[in-house]
Amino acid sequence: MRKSTLFFLYVFFHLVLLGWVFIHASLDKKAEAEFLQEKLNLVRRHGLTDLCLFTEARYTRHPTQADFHSPFQDSPLALEHFPSGSLLDPPPMIKKPYAHLD
């Protein structure tokens, strides 16, 4: 068998596999919608907050709940040692803490 034939068989197999992924996703959509509705009801019933974005530091778990000093809990000049701190902007209330006084 030629190498080009093997390559085309490889590509064809993976295209069929990709098509099966999309077919499976569309068939499973209704069951997932029911599961999502169940989770939504759970959130409403228990009054849960927003999604936890990161699990490392308390100021990156829920950005709107961070206080002014939590990023500097070790030292005011401490370097960021959590990777998620560099991926997430500080909340607007920390960027302009005295904006409510204007």
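Residues numbered from 1 in each chain as written. Predicted model: local features only at pLDDT ≥ 70, side-chain atom pairs only at ≥ 80, totals over all residues. Heavy atoms only, no water.

## Some thoughts on the overall build of the protein chain
The secondary structure content of the protein chain amounts to 4 helices and 0 strands. Helices and strands appear in the protein chain in the N-to-C order α-α-α-α. Across the 102 residues that make up the protein chain, the buried fraction comes to 9%. Within the protein chain, contacts between residues separated by at least 24 positions form 48% of all contacts whose residues are at least 6 apart in sequence. Carbon and sulfur atoms provide 66% of the accessible area of the protein chain, an area that totals close to 9300 Å². (Helix = DSSP H or I, 4+ residues; strand = E, 2+ residues; numbered from the N terminus. Buried < 20%, exposed > 50% of the residue type's maximum accessible area, 1.4 Å probe, protein only. Contact = heavy atoms within 4.5 Å. Areas by Shrake-Rupley, 256 points an atom, 1.4 Å probe, with all protein chains shown as cover.)

## Some details on a nonpolar patch on the surface
Together, Phe7, Phe8, Tyr10, Val11, Leu15, Leu18, Val21 and Phe22 make up an exposed nonpolar region whose accessible area comes to about 860 Å². With respect to the secondary-structure elements, Leu18 resides in helix H1 (residues 3–27). (Patch = residues over 30% accessible without salt bridge, like charges linked within 9 Å, V, L, I, M, F, W, Y side chains within 5 Å. Salt bridge = Lys/Arg side-chain N within 4 Å of Asp/Glu carboxyl O.)

## Describing helix H2 (residues 29–46)
Across its 18 residues, H2 extends 26 Å between first and last C-alpha, which sits within 8% of the 26 Å expected from 1.5 Å per residue. Positioned one or two residues after H2, Gly47 has a phi angle of 65°, which is positive. (Expected span 1.5 Å × (residues − 1).)

## Notes on the confidence of the model for the protein chain
Here the protein chain averages 76 in pLDDT, while 54% of its residues score no lower than 70. The least confident element of the protein chain, judged by mean pLDDT, is helix H4 (residues 92–95) at 61; the most confident is H1 at 94. (pLDDT = per-residue confidence, 0-100.)

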